[in-house]
Amino acid sequence: MTTERSTDSSKKTKKMLNKNQTTNHQPTNQTTNQTTDKATAQPKKQAKTHTRKWNNTTNLKNKKPLLDMRDLCIEFHTHNGVIKAIKNLNITIQEGETLAMVGESGCGKSITAHSIMGLLPSPPATIPKGKIFFEGQDLLTFSDSQMRTIRNAQISMIFQEPMSSLNPTIKIERQIIDAIRSHQDIPKQNAHTRALALLKQVRIPNPEKNMKSYPFQLSGGMQQRVMIAIALSNPSLKLIIADEPTTALDVTIQAQILDILYELKQSHSLSLLLITHDMGVVAQTADRVVVLYAGRKVEEGETASVFDNPSHPYTRGLLQSMPYFHHSSSKRLYAMPGTVPDLRHTERGCPFKNRCTISKDICAVEFPQGTRLNSHHTSYCHSITTLHSLDPKPPSPPPSRVKNQTQNKKPTQNKIKDHIKNQQILKKGPT
Amino acid sequence: MNKNTATPPSLLKVQALKTHYTLPSQTIRGKKSLLKAVDDISFSVNKGEIVGIVGESGCGKSTLARTLIRLEQKTGGTILFNGEEISEFKGKQLKQYRKHVQMIFQDPYSSLNPRRTIGDSIKQGLQTHAIAPRAQHNKIVAQLLKEVGLSEIFVNRFPHQLSGGQRQRVCIARALSVQPQLIICDESVSALDVSIQAQILNLLLDLQEQRGLSYIFISHDLSVVEFIADRIIVMYLGKIIESAPADELKTHKLHPYSKALFTSHLLPDPHIARNKPTIRGDVPSAIHPPSGCPFHPRCPVAMDICKTRIPRLREIRPNHYGACHLYN
């Protein structure tokens, strides 16, 4: 029933777009038209399988890097001293990839995103070191006016709280039209038709009526859809940065929003940088994961590899402390001791050493070099071999959950085999 | 649903509870509209039991909690605490009730007075209820802080010097200071990070064991409620639509809404393909709720009868209650 409805709405969008084409021959319309074609094709396929995945790592090999952060450092100069929020961060986002950045509050996820967009308030923020290459150009050297041609044109951002990111005094119609016209020189009437098409793409029911409303008249889920529509307003878009896009929403709405994001990402062949603290969202949406802790990258790899074989004590602890992975007889969750360190007191060595159960003397002195577990999976821990001999079995879901998913059983078993193989390699010595 | 729980005496017994708000009319002579935030809810909490309440935002979870603690006036029904009707409490009796039932709020940033030290905040309850001689208060505060895993040095600190997890511990210590029998946790761990959330959940469970506390645990995080609760109540638009022991609900979800809610929850496992969500759209407006079953416009298996008749909550499996026409 649901698929019917969505195809219906996209048919309407197509009709509308065709009408639009007759009046306005612009390349933008062609691209959107293609996208709706793909969008209509997609639900039909998914209806057969009844289960669907948002992440798909197979076609990611040999892609060009779109965004490349090298040795990025971000500091904040405050009255209480210098806060080193990000230290030597290297992150690459490939074309068409969904990269998830995970970590607890205060680990520097949002700051990294803001630095890409050039939104860091300076002062107090400074970037003493590092480069952010976007399609080969260093964004940090750009002037304000140059950044304006990038922002919302080639890189868009979706924020956590749609209510505080939308202007409460302006109707959403004008907010979307403004976003469209800020980068494209098209008449108001055409921008209006395009705004309507965008609202249909993000599945806002009754878009003609809803675009005349103020943000407060819409629910949280609807507001977030409007935010996505604004983010997509420019056809030259290449990268979406979504900063906790579903944290403020209910689970049922969360699934709908992630659905829309995924479909649009596929149809417009965009890259997505997803910032979240929800491991459920990561597991279901991301192709690759970067785990941050206190401004440092502690683990990076393909989603399946990281979840099957978490190779940093922090990632491991994070997964184990979730109720989902809890299936021991005692009714207590695994809880990592302590809290995130205070970034004002810059300490040498690994930032996780005080909470780590397997820390060594060297952890207090130097930050570990990356250890490669496979071609895409790197972990930054001195005790990586100890870690694996401690607990050879990765956390696995309780049997009741797996029972229903028989078709997915095989890959898990293969992963465990791979994992054991990896361990043997590790015991021989790091490669 | 209260029949079976008669053997152990129930601490809190709620019957046909209603909390309605009258909203001002949109025009001068227009009709005033009625918002039924909590509509005809019955359940009970036994001593030492953890009752979890789940539902989407706007389903009346928080209003229910606030009505139970008398921050909101009920419109109808009864709330019996140890067999006594709480809405008739006044003066001393009400003060006593507030001592027995404490609440931990969602946001530890706004629920602590920023101008009071942690010690002062915790001491307030002790002073108001004259728990012990004033001379012993400092000692009790230190003891409470230790119990929730904070060191004694926090006594003289202010809330802004503490992290979110530490503040939530202070809120728990404050709730415990008056030796309550029932604690209502309204989204108490939702604002916390995963690793801190696990610490706080373990702490709540430890305290329950040591002190024989009961909890009403309200959350939108289904995995947390599934883990901590003995009994889970699923709410939708002010009504209970399903209620069952946690283990029973894990394996047999009856109501289409419960099924949809739990399948929408994303599992942290990349090998399990998520189920396609069975419901679409938002929660309908509580001011103009749909006719019949409030869930029928979003229900994937809605029938004709759902549009006209409101299903009643009945026992469908042993000790498992549901409100759905499918099981008639």
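Thresholds, definitions, all that
- Residues numbered from 1 in each chain as written.
- Chains lettered and ligands numbered in written order.
- Predicted model: local features only at pLDDT ≥ 70, side-chain atom pairs only at ≥ 80, totals over all residues.
- Heavy atoms only, no water.
- Helix = DSSP H or I, 4+ residues; strand = E, 2+ residues; numbered from the N terminus.
- Buried < 20%, exposed > 50% of the residue type's maximum accessible area, 1.4 Å probe, protein only.
- Areas by Shrake-Rupley, 256 points an atom, 1.4 Å probe, with all protein chains shown as cover.
- Contact = heavy atoms within 4.5 Å.
- Buried area = accessible area lost by both parts, 1.4 Å probe.
- Salt bridge = Lys/Arg side-chain N within 4 Å of Asp/Glu carboxyl O.
- Polar contact = N/O pair within 3.5 Å; in protein donor to acceptor, adjacent residues only side chain to side chain.
- Nonpolar A, V, L, I, M, F, W, Y, C, P; charged D, E, K, R; others polar.
- Core = buried A, V, L, I, M, F, W, Y, C linked by side-chain atoms within 4.5 Å.
- Pairing = 2+ DSSP bridges.
- Axes fitted to C-alpha atoms, helices over the stretch in contact; angles between N-to-C directions.
- pLDDT = per-residue confidence, 0-100.
- Parallel < 35°, antiparallel > 145°, perpendicular 65-115°, else oblique.

## A short note on the overall build of chain A
Then, in step 1: Helix and strand counts for chain A stand at 16 helices and 13 strands.
Then, in step 2: In chain A, which comprises 431 residues, the proportion classed as buried is 55%.
Then, in step 3: Carbon and sulfur atoms make up 51% of the accessible area of chain A, which amounts to about 19600 Å² in all.

## Section: the interface of chain B and chain A
Interface size is commonly expressed as the accessible surface area that is lost when the partners come together.
Then, in step 1: Residue-level contacts link 41 residues of chain B with 56 residues of chain A.
Then, in step 2: With both sides pooled, the region where chain B packs onto chain A buries about 4700 Å², and carbon together with sulfur makes up 55% of that total.
Then, in step 3: Three residues, H271, R274 and K276 of chain B, lead the burial of chain B against chain A; their summed loss comes to 17% of the area buried on that side.
Then, in step 4: Our count for the contact surface shared by chain B and chain A stands at two salt bridges.
Then, in step 5: In this structure, D206 of chain B engages R332 of chain A in a salt bridge whose closest nitrogen and oxygen atoms are separated by 2.6 Å.
Then, in step 6: At the surface where chain B touches chain A, the tally comes to 13 residue pairs in polar contact (both at pLDDT 80 or more).
Then, in step 7: Contributions of two or more residues to the side of chain B that touches chain A are made by α6 (194–211), α7 (222–228), α9 (256–264) and β11 (274–275) of chain B.
Then, in step 8: Grouping the constituent residues of the side of chain B that touches chain A by class yields 19 nonpolar, 10 polar and 12 charged.

## Describing the side chain of E187 of chain B
Then, in step 1: Summarising the element assignment, E187 of chain B is placed in the loop between β7 (182–186) and α6.
Then, in step 2: Those residues in contact with E187 of chain B that sit more than four places away from it in its chain are K61, Q106, I218, S219 and H220 of chain B.

## Comments concerning the nonpolar core
Then, in step 1: Judged by nonpolar contacts, the single largest core of 61 residues is most densely connected at I172 and F217 of chain B.
Then, in step 2: The leading source of residues in this core is α6 of chain B, at eight residues.
Then, in step 3: Contacts of F217 of chain B, omitting those with residues within four sequence positions, involve I50, V51, G52, I53, C185, V189, L201, L204, V224, V225 and I228 of chain B.
Then, in step 4: In this structure, A191, L196, L218 and L237 of chain A belong to the second largest nonpolar core, which totals 40 residues.

## Description of the sheet that holds strand β2 (residues 65–78) of chain A
All names here are of chain A.
Then, in step 1: If you walk across this open sheet you meet the four strands as β3-β2-β5-β6, and the pairing is antiparallel. Strands at the two margins of the open sheet, each flanked by one partner only, are β3 (81–94) and β6 (137–138).
Then, in step 2: As paired elements, β2 and β3 share 10 bridges and run antiparallel to each other. Among the inter-strand pairings, F76 is bridged to a residue of β3, identified as I83.

## Let's talk about unusual backbone geometry
Then, in step 1: With an omega dihedral of -5°, the bond running from S122 of chain A to P123 of chain A counts as a cis peptide bond.
Then, in step 2: Among the structural elements, P123 of chain A can be located in the loop between α3 (109–117) and β5 (125–134).
Then, in step 3: Following P123 of chain A, the chain continues to P124 of chain A via a peptide bond in cis, the omega torsion being 10°.
Then, in step 4: Looking at the element boundaries, P124 of chain A is found in the loop between α3 and β5.
Then, in step 5: A positive phi angle, near 60°, is found at D40 of chain B, a position not held by glycine.
Then, in step 6: Of note, D40 of chain B is situated in strand β2 (residues 33–46).
Then, in step 7: Note on D40 of chain B: relative accessible area 43%, which makes it partly exposed.

## Points about the sheet that holds strand β10 (residues 239–245) of chain B
Residue and element names in this part refer to chain B.
Then, in step 1: Overall, mixed pairing links the eight strands, which are arranged β6-β7-β8-β3-β9-β10-β13-β12 in an open sheet. Of all strands in the sheet, those with a lone pairing partner are β6 (101–104) and β12 (314–317), marking the two edges. Across the sheet, the mean angle from the axis of one strand to that of its neighbour is 25°, orientation sign disregarded.
Then, in step 2: This element, helix α5 (residues 164–176), spans β6 and β7 of the sheet and lies at about 175° to β6.

## Describing the environment of S321 of chain A
Then, in step 1: With respect to the helices and strands, S321 of chain A occurs in the loop between α13 (313–320) and β12 (371–374).
Then, in step 2: The spatial distance from the C-alpha of S321 of chain A to the C-alpha of I177 of chain A is 45 Å, given a sequence separation of 144 residues.
Then, in step 3: Not counting the four nearest positions on each side in its chain, S321 of chain A is found in contact with L333 and Y334 of chain A together with V194, S195 and A198 of chain B.
Then, in step 4: From its side chain, S321 of chain A meets the backbone oxygen of L318 of chain A in a polar contact 3.0 Å long.

## Considerations on the confidence of the model for chain B
Residue and element names in this part refer to chain B.
Then, in step 1: Within chain B, residue pLDDT values average 87, and 97% of them lie at 70 or more.
Then, in step 2: Per-element averaging of pLDDT across chain B places β11 at the bottom with 70 and strand β3 (residues 50–54) at the top with 94.
Then, in step 3: Note on residues 1–6: pLDDT under 50 across the span, and 16 contacts to partners over four residues away in sequence or across chains.
Then, in step 4: Complex prediction metrics read pTM 0.80 and ipTM 0.80.

## A few points about the pairing of strand β10 (residues 288–293) of chain A
For a regular strand, side-chain orientation follows a simple rule: the groups alternate between the two sheet faces.
All names here are of chain A.
Then, in step 1: Most of β10 is tucked away, with six of its six residues classed as buried.
Then, in step 2: Neither face of β10 is open: one carries R288, V290 and L292, the other V289, V291 and Y293, and all of them are buried.
Then, in step 3: Alignment of β10 against strand β11 (residues 296–302), held across six bridges, turns out to be antiparallel. In the strand pairing of β11, Y293 is matched with R296.
Then, in step 4: The loop that links β10 with its antiparallel partner β11 comprises two residues; one of these, A294, has a positive phi angle of about 50°.

## Some thoughts on the packing of helix α6 (residues 172–181) of chain A against helix α9 (residues 220–231) of chain A
The relative placement of two packed helices is expressed as an angle between their axes plus a distance between the axes.
All names here are of chain A.
Then, in step 1: Their axes nearest at 9 Å, the elements α6 and α9 cross at an angle of 25°. If you check the angle between α6 and α9, you find them roughly parallel. Where α6 abuts α9, its residues I172, Q175, I176 and A179 lie against V226, A229 and I230.
Then, in step 2: Among the residues forming the contact of α6 with α9, the class breakdown is six nonpolar, one polar and no charged.

## So, the pattern of salt bridges
Then, in step 1: Considering all chains together, one arrives at 18 salt bridges over all chains under this definition.
Then, in step 2: Across the salt bridge formed by E244 of chain A and K109 of chain A, the nearest N and O atoms sit 4.0 Å from each other. Here E244 of chain A, found in the loop between β8 (239–243) and α10 (251–267), pairs with K109 of chain A, found in helix α3; they are 135 residues apart in sequence, far enough to count as distant.
Then, in step 3: R66 of chain B is the partner of E72 of chain B in a salt bridge, and the nearest nitrogen-oxygen pair spans 3.2 Å.
Then, in step 4: Salt bridges sharing partners connect three or more residues here, namely E97, R288, K297 and E300 of chain A.

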